[in-house]
Structure formats: structure tokens, C-alpha cells
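Breakdown of the fold
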Amino acid sequence: MSKKSLRRERFENVAARRTQKILELLEILGNCSNKSNYEYTDEDVRKMFSAIKDKLKNTEAAFGNAINRSEKNKFKF
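Residues numbered from 1 in each chain as written. Predicted model: local features only at pLDDT ≥ 70, side-chain atom pairs only at ≥ 80, totals over all residues. Heavy atoms only, no water.

1. Quick word on the overall build of the protein
Short version of the rule: Here a strand is any run of E in DSSP of at least two residues, a helix any run of H or I of at least four, and the numbering for each starts at the N terminus. Partly exposed residues are those whose accessible area sits between 20% and 50% of the maximum for their type, while under 20% is buried and over 50% is exposed, using a 1.4 Å probe and protein chains only. We get accessible surface area from the Shrake-Rupley algorithm with a probe of 1.4 Å; when it comes to residues, only the shown protein chains can shield them.
Within the protein one finds two helices and zero strands. The buried share of the protein, taken over its 77 residues, is 1%. Carbon and sulfur atoms make up 55% of the accessible area of the protein, which totals about 7700 Å².

Below, the structure written as C-alpha cells:
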């Protein structure tokens, strides 16, 4: 196996596990929306999701920078 293939395999394994973990944690966070068990304000929710969106945007940008370097001047939908 070439070095690139090993790196690809490692990426797929690590990224899949980490993505699944994030999805599971978001589902668990959603349990906090039950007003029978928790008390929160709209401002609390706004702050919470603002922090999540900011981190997601920064992480996506890190991947976007790599994509932009490899796909300059290519048309794509």
C-alpha cells in the first residue's frame, strides 16, 4: 500500500469516529430542550448555538483552505 493510501485510510477511520461522536453528543444536547426537566432562556439557547456554529465554521474553514488550494479555478456545482 502506498503512503497516500495509508493516510487516506487513517483519515477515514479517525474522521468517521470523531464525526459519529459529535453527532451523538449533539443528540444528547438536544435532550436538554425538554422544558419538563430543564429551565433555560432564549438567550441561553442563542449563546449555546452561537458557540457551536462558530466552532463549526472555523473547523470547516480549515478544510476549505485545503480544498481551495487544490481546486483553484475549477468550475463546480
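2. Some details on the pattern of salt bridges
Should their charged atoms come close, side chains of opposite charge can pair. Our working rule: A side-chain nitrogen of Lys or Arg and a carboxyl oxygen of Asp or Glu constitute a salt bridge if their distance falls within 4 Å.
If you walk through the whole model with that rule in mind, you get two salt bridges. For R8, the salt bridge goes to E12, with nearest N and O atoms at 2.8 Å. Residue R8 and its partner E12 are both found in helix α1 (residues 3-30); the two are separated by four residues, about one turn of the helix. E12 gets classed as partly exposed once you look at its relative accessible area, which sits at 41%. With a closest N to O distance of 2.7 Å, E43 and R46 form a salt bridge. Residue E43 and its partner R46 are both found in helix α2 (residues 42-70); the two are separated by three residues, about one turn of the helix.

3. Details of a positive patch on the surface
Quick note on the threshold: By definition, no residue in a patch forms a salt bridge, and every one has over 30% relative accessible area; like charges are joined within 9 Å, nonpolar side chains (Val, Leu, Ile, Met, Phe, Trp, Tyr) within 5 Å. Under this rule, positive means Lys or Arg and negative means Asp or Glu; His and the chain ends count for nothing. Just so you know, the charge point we use is NZ for Lys, CZ for Arg, CG for Asp and CD for Glu.
Side chains of K3, K4, R7 and R10 sit close together on the surface and give a patch of like positive charge. On the basis of relative accessibility, which here comes to 65%, the residue K3 falls in the exposed class.

4. A short note on the packing of aromatic side chains
Note the threshold: Under the pairing criterion, centres of Phe, Tyr and Trp rings, with the six-membered ring standing for Trp, must be within 6.5 Å; the plane angle then separates stacked pairs below 30 degrees from edge-to-face pairs above 60, leaving the rest tilted. Should the NZ of a Lys or the CZ of an Arg lie within 6 Å of a ring centre and within 35 degrees of the ring normal, that charge is described as sitting over the ring.
Taken as a whole, this structure holds zero aromatic pairs when the rule is applied. The ring of Y40 is capped by K35, whose NZ or CZ atom sits 4.7 Å from the centre of that ring.

5. Some words on a nonpolar patch on the surface
Residues I22, L23, L26, M48, F49 and I52 make up a contiguous nonpolar surface patch of roughly 490 Å² in combined accessible area. Looking at the nonpolar patch, the elements with two or more residues in it are α1 and α2. With respect to the helices and strands, the residue F49 is situated in helix α2.

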